[in-house]
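# Structure assessment
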Amino acid sequence: MKTISSRDNAFYKDLKALATSSQARRKAGRSLLDGVHLCQTWLDLRGAPVHCVVSEGALGNAEVTAIVARCDALGAPVTALPDALFNAVSQVEHGVHLLFVIATPQPSKAPALVEAAVLLDGVQDPGNVGSILRSAAASGVKQVYCSPGTAFCWSPKVLRAAMGAHFVLDIFEHVELAPLARAAKIPVLATSGYAARQLYTLDLRQPVAWVLGHEGQGVSHELLDLASERVVVPHAGQVESLNVAACAAVCFFEALRQRQA
C-alpha cells in the first residue's frame, strides 16, 4: 500500500480532477465509486478496480480492510490518504472513506430493441436517472438507452442513487432514440400524462421498451408519434402527474408482476 500526503502529488491532482470535473472524467474514461457498498458491489460483479483509494482513518474499519485485502489479492494498486486529503475528493458526507477508480464501461454500438429496455429522453435530474436505473435492474430490464440530453449515467450523483444497478445493466449513452424506436422489434411504450391508454389495460408479458421523458416537458413529440402506444399511469387526487422515476418504477414492476403471474 502506498501513502500520499502531499496535495501536489500528481496522482492526487488527477484524483481530485476526477472527483470535481465531469469533463475530466469523460476525457480520462474514468469514474469514481464512493463508499463501501458501491466498491463491494463492483468487486463482486466486475472484479478489480483500476485503483483503490482509502483514508488512513478508514483502515480501522473491518469492511474497508476486507475490501483493501481483496484489491491487493487481485493486483489492484491501493493508496492511502490522510483524512483531510480524502475529504477533498469525496462527495459523500459522513461516509466511510473508500474510493474506487474504475474504467468507465463503454459498450459497443447500441443494438436493436429486441429485449426489455428503457429509453431515457432528456431525463436531466441525476437522482431520477439513478432511481430509474435501480428500478430497471430490480425488475429485470437489462438495457438502458440515453439520449444526448440525459444526465451522464456515470456521474457520482447517478451512481449513488442507483446503488450498484449500473453493474448489471448495459447502458448506452448519447443514443439518437428516434431511429432506435423506428426499427424496434418489440412494442415501444411512451409514458404520457395525457394518454388515453391506461397502464393496467396492457398485456406486458412479453418484452417492451419504455420511453420516459424530461421532467418538465415529457417525451418528445417525435418519440410519442413513433411509439406503439402512449401510456398513462392512472392516479387519484389533484396531483397533475407522477415523478418520472416513480412512473418508471410503477411501469417496470407492473410488467414484472404480469410476467411472474
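Look a little higher up for the structure.
Now for a look at the structure at hand. Keep in mind that this is a model prediction, so the values were computed, not measured.

It is worth spelling out the sheet that holds strand β12 (residues 229-232) at this point. Spatial ordering of the open sheet is given by β8-β7-β6-β11-β9-β12-β10, a layout of seven strands whose pairing is parallel. Both edges of this open sheet fall to β8 (170-172) and β10 (197-198), since each of them pairs with a single strand only. Sheet topology places strand β9 (residues 188-191) next to strand β11 (residues 209-213); three bridges connect them, and they run parallel. Along β11, the bridge assignment pairs Leu189 with Trp210. Lying over the sheet, helix α6 (residues 126-139) contacts β6 (117-121), β7 (143-146), β8 and β11, oriented at roughly 170 degrees with respect to β6.

Enumeration over the complete set of coordinates arrives at three aromatic pairs. Judged by centre distance (5.1 Å) and plane angle (85 degrees), the rings of Trp42 and Phe167 are edge-to-face. Here Phe167 lies in the loop between α7 (156-162) and β8 and Trp42 lies in helix α3 (residues 36-45), a separation of 125 residues in the sequence. Here Trp42 matches Phe167 in class, with each residue buried.

Our next topic: unusual backbone geometry. The backbone of Met163 sits at a positive phi, close to 55 degrees, despite the residue not being glycine. Looking at the element boundaries, Met163 is found in the loop between α7 and β8. Notably, His174 is not glycine yet its phi reads approximately 60 degrees, a positive angle. Along the polypeptide, His174 turns up in the loop between β8 and α8 (177-182).

Attention now moves to the side chain of Arg25. Structurally, Arg25 can be placed in helix α2 (residues 22-28). Of the side chains with opposite charge, Asp34 comes closest to the buried, unpaired Arg25, at an N-O distance of 9.9 Å.

Attention now goes to the sheet that holds strand β4 (residues 78-81). Two modes of strand pairing occur in sheets, parallel and antiparallel, and in both the strands are linked by backbone hydrogen bonds. As summarised here, the arrangement of the five strands in space is β1-β4-β3-β5-β2, forming an open sheet in which the pairing is mixed. A single partner strand is all that each edge strand has here, and the edge strands are β1 (2-3) and β2 (30-34). By the bridge criterion, five bridges tie β2 to strand β5 (residues 98-103) in an arrangement that is antiparallel. Bridge assignment links Leu33 to a residue of β5, and that residue is Phe100.

The rules behind each value
- Residues numbered from 1 in each chain as written.
- Predicted model: local features only at pLDDT ≥ 70, side-chain atom pairs only at ≥ 80, totals over all residues.
- Heavy atoms only, no water.
- Pairing = 2+ DSSP bridges.
- Helix = DSSP H or I, 4+ residues; strand = E, 2+ residues; numbered from the N terminus.
- Contact = heavy atoms within 4.5 Å.
- Axes fitted to C-alpha atoms, helices over the stretch in contact; angles between N-to-C directions.
- Phe/Tyr/Trp six-rings, centres within 6.5 Å; stacked < 30°, edge-to-face > 60°.
- Buried < 20%, exposed > 50% of the residue type's maximum accessible area, 1.4 Å probe, protein only.
- Lys, Arg positive; Asp, Glu negative; His and termini not counted.
- Salt bridge = Lys/Arg side-chain N within 4 Å of Asp/Glu carboxyl O.

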